[in-house]
Protein chains: 2
Amino acid sequence: MLKQETLSKNQRIVLDFIEKVNEPIKAYSILHNVQKKGIKAPLQVYRALDKLVEIGKIHKIESRNAFVACKNSNCQISKATAFSICESCEEVSEISDSKLSKYLKNFQDKAGMKFNKYNLEFFGLCKKCSIK
Amino acid sequence: MLKQETLSKNQRIVLDFIEKVNEPIKAYSILHNVQKKGIKAPLQVYRALDKLVEIGKIHKIESRNAFVACKNSNCQISKATAFSICESCEEVSEISDSKLSKYLKNFQDKAGMKFNKYNLEFFGLCKKCSIK
DNA sequence: TTACACAATGTTATATTATAACAATTAACA
DNA sequence: TGTTAATTGTTATAATATAACATTGTGTAA
């Protein structure tokens, strides 16, 4: 097996749930919600999450220790991710901006390091929260 | 007291250690290393870390749960941070690139969200590791 | 100087996030 | 069909971080 076409049972259960809630969710909250499907232990969730991140089906919001489904065809296999995060209501959106991703993909640092991946998190107030 | 000019005792101890090691270090590793200075509990370390992050003396490397001293006068009070991370040796450098920071500070997302902060982490292989 | 407010400290306990280790089973495919 | 890798199941534990509460220190203004 070189590349997996189909998801395994646990991967499917976890992904279905993450896609359903449609917002960032934490590993133990996933666990709590999929126990009725037969997933009993944290490790079962974390293993599914690891694989789903690896194949780009979900992303981890590092500053929140939360996971969200990918809605963006531009982030090839989770190699180039950008999010906006509202510091008031915690709403998170994946940013899909080809200029931004092009700029960052081509960014070359002064030490000559070659990047194959980046993650960018913007913080601020979303529209709703800024008028409150 | 509106703005603190001087660091408190624990803040000083923690910052001195982080500056001395000069690479990202984890909270419990800091704790272990400053116990001889009288800091006994995780919370004492975390409280110092929180304050030091807030005033921009250190940054948190979110993907590594580690903290590093700020060497960059451009990231005003931790509001605009960028790092390069070697996935092989885990070396982390703070990126100081005025074009990049200007680009990101002015970035406007499509939802009209106003950002006041960002954190960017690039991943790849540093020079040393890429020739191995 | 005193009194007030806020910042920082000390301490114990606990919550939250994540992985180690090992045995068993399943799936791809040469 | 045998072999290899992926996945699963399970228990225990490691690593990261915060709650709660009592106390002490510090700047400032009446």
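> Even after reading the chapter, I still don't get the relation of the copies chain A and chain B, so can you show me in this structure?
What connects the two chain copies is a rotation about an axis and a shift along it. Between chain A and chain B, which share one sequence, the superposing operator has a rotation angle of 180° and an axial displacement of 0.0 Å; the RMSD is 0.0 Å. In the structure described here, the two chain copies are related by an operation that fits a two-fold rotation axis. Taking C-alpha positions as the reference, the residue of chain A nearest the rotation axis is Leu120(A), at 2.1 Å. In this assembly the copies share their binding face: 100% of the residues contributing to the interface of chain A also contribute to that of chain B.

> Is there a simple way to think about the pairing of strand β2 (residues 66-69) of chain B in this case?
In regular strands, side chains alternate between the two faces of the sheet. All names here are of chain B. Judged from the 4 bridges that link them, strand β1 (residues 58-61) and β2 form a sheet pairing that is antiparallel. What sits directly across from Ile 58, in β2, is Ala 69. Counting the residues that bridge the hairpin from β1 to β2 gives 4 residues, and of these Asn 65 lies at a positive phi of roughly 45°.

> Explain the interface of chain A and chain B to me, please; I cannot follow it from the model alone.
Much of the literature gives interface size as the accessible area that the parts lose upon coming together. Of the residues lining the interface, 27 residues belong to chain A; the matching set on chain B comes to 27 residues. When residues of the side of chain A that touches chain B are traced back to their parent elements, those giving at least two are α4 (98-105), β5 (114-125) and α5 (127-130) of chain A. At 12 residues, the largest contribution of residues to the side of chain A that touches chain B is made by β5(A). Residues of the side of chain A that touches chain B, tallied by class, amount to 13 nonpolar, 8 polar and 6 charged.

> Where do I start with helix α3 (residues 42-54) of chain A in this structure?
For the α-helix, the turn length of 3.6 residues means that residues three or four positions removed from each other point alike. All names here are of chain A. With 13 residues, α3 should cover 18 Å at 1.5 Å per step; its first-to-last C-alpha distance of 18 Å lies within 8% of that length. Of all the residues in α3, the buried ones are Val 45, Ala 48, Leu 49 and Leu 52. One face of α3 carries all of its buried residues, which in axial projection span an arc of 105°. For α3, the exposed residues set more than 90 degrees away from the buried face come down to Leu 43, Asp 50 and Glu 54. Structurally, α3 contributes buried residues whose contacts are with α1 (9-21), α2 (27-34), β1 (58-61) and β2 (66-69). Gly 56, located one to two residues past α3, shows a positive phi value of around 85°.

> Even after reading the chapter, I still don't get the domain arrangement of chain A, so can you show me in this structure?
All names here are of chain A. Per the domain assignment, the segments making up chain A are domain 1 (9-69) and domain 2 (76-130). A separation of 21 Å is found between the C-alpha centroids of domain 1 and domain 2. Taken residue by residue, the interface counts 10 residues in domain 1 and 9 residues in domain 2. Here the side of domain 1 that touches domain 2 is built from residues that sort into 5 nonpolar, 3 polar and 2 charged.

What counts, and where the lines are drawn
- As a convention, each chain's residues are numbered from 1 in the sequence order in which they are written.
- Labels follow written order: the first chain is A, the first ligand is 1, and so on.
- Selection of residues for local features in this predicted model requires a pLDDT of at least 70, selection of side-chain atom pairs for listing and counting requires 80 or more, and totals for whole chains, interfaces and linings are taken over all residues.
- Alignment of copies: least-squares fit on C-alpha atoms of residues with pLDDT of at least 70 in both copies.
- Throughout, a pair of residues is in contact if the C-beta atoms placed from their backbones lie within 7 Å.
- Paired strands, in this sense, are two strands between which DSSP finds at least two bridges.
- Here a strand is any run of E in DSSP of at least two residues, a helix any run of H or I of at least four, and the numbering for each starts at the N terminus.
- In the scheme used here, Gly and all other residues not listed as nonpolar or charged are polar, with Ala, Val, Leu, Ile, Met, Phe, Trp, Tyr, Cys and Pro taken as nonpolar and Asp, Glu, Lys and Arg as charged.
- Multiply 1.5 Å by the residue count of a helix minus one, and that product is the helix's expected span.
- Our exposure labels follow a C-beta count within 10 Å of each residue's own C-beta, placed from the backbone: buried means 20 or more other C-beta atoms, exposed means 12 or fewer, and partly exposed covers the counts in between.
- In this description, the arc belongs to the directions extending from the helix axis to the C-beta atoms.
- A domain assignment, automatic or from a database, supplies the domain bounds used here.

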